[in-house]
Amino acid sequence: MRNCKQITRLLSRQHDEGILPLKQQLRVHIHLSMCRDCREYRKQIDTIERGLRQMFDGKKAE
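Taking an unreviewed UniProt entry as the reference, the protein chain is identified by name as Zf-HC2 domain-containing protein belonging to Neisseria weixii.

Now the structure itself:
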């Protein structure tokens, strides 16, 4: 469980900053290959990001 908490923080950081250092990227990749819950978390933040992007891209500038 502690590992999942660290991985979700890294996934959030990756979404915020765009890229993680290679060591952290590998750690996330390995963990995601084994953890269904963290893969689901990643899908959720991807969905939220897409929704926000569509909401703001569809809004006309005044």
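Picking up where we left off.
(A) Looking closely at the packing of helix H2 (residues 22-34) against helix H3 (residues 36-57). In contact at an axis separation of 6 Å, H2 and H3 are set at 115° when each is read in the N-to-C sense. In terms of their interaxial angle, H2 and H3 are classed as roughly perpendicular. In this structure, H2 contributes His31, Leu32, Ser33 and Met34 to the contact, and H3 contributes Arg36, Cys38, Arg39 and Arg42. Residue composition of the contact of H2 with H3, grouped by class: 3 nonpolar, 2 polar and 3 charged.

(B) Broad picture of H2. The first and last C-alpha atoms of H2 sit 19 Å apart over 13 residues, in line with the 18 Å expected at 1.5 Å per residue. Packing partners of the buried residues in H2 comprise helix H1 (2-17) and H3.

(C) Structural detail: a nonpolar patch on the surface. On the surface, a cluster of nonpolar side chains totalling about 450 Å² of accessible area is made up of Leu22, Leu26, Ile30 and Met34. Along the chain, leucine 22 falls in helix H2. On the accessibility criterion, leucine 22 (58% relative accessible area) is exposed.

(D) Layout of the nonpolar core. Membership of the largest hydrophobic core is limited to 10 residues, which are Cys4, Ile7, Leu10, Leu11, Leu20, Val28, Leu32, Cys35, Cys38 and Ile45. Among the elements of the structure, H1, H2 and H3 are those that each provide at least two residues to this core. Of the residues forming this core, the biggest block, 4 residues, is contributed by H1. Each residue touching cysteine 38, except ones within four places of it in the same chain, is listed here: Cys4, Ile7, Thr8, Leu11, His31 and Leu32.

(E) Fine view of the side chain of histidine 31. Here histidine 31 shows up in helix H2. Those residues within four positions of histidine 31 in sequence are excluded, and the remaining contacts are Asn3, Cys4, Ile7 and Cys38.

Definitions and limits used
Residues numbered from 1 in each chain as written. Predicted model: local features only at pLDDT ≥ 70, side-chain atom pairs only at ≥ 80, totals over all residues. Heavy atoms only, no water. Axes fitted to C-alpha atoms, helices over the stretch in contact; angles between N-to-C directions. Helix = DSSP H or I, 4+ residues; strand = E, 2+ residues; numbered from the N terminus. Parallel < 35°, antiparallel > 145°, perpendicular 65-115°, else oblique. Contact = heavy atoms within 4.5 Å. Nonpolar A, V, L, I, M, F, W, Y, C, P; charged D, E, K, R; others polar. Expected span 1.5 Å × (residues − 1). Patch = residues over 30% accessible without salt bridge, like charges linked within 9 Å, V, L, I, M, F, W, Y side chains within 5 Å. Areas by Shrake-Rupley, 256 points an atom, 1.4 Å probe, with all protein chains shown as cover. Salt bridge = Lys/Arg side-chain N within 4 Å of Asp/Glu carboxyl O. Buried < 20%, exposed > 50% of the residue type's maximum accessible area, 1.4 Å probe, protein only. Core = buried A, V, L, I, M, F, W, Y, C linked by side-chain atoms within 4.5 Å.

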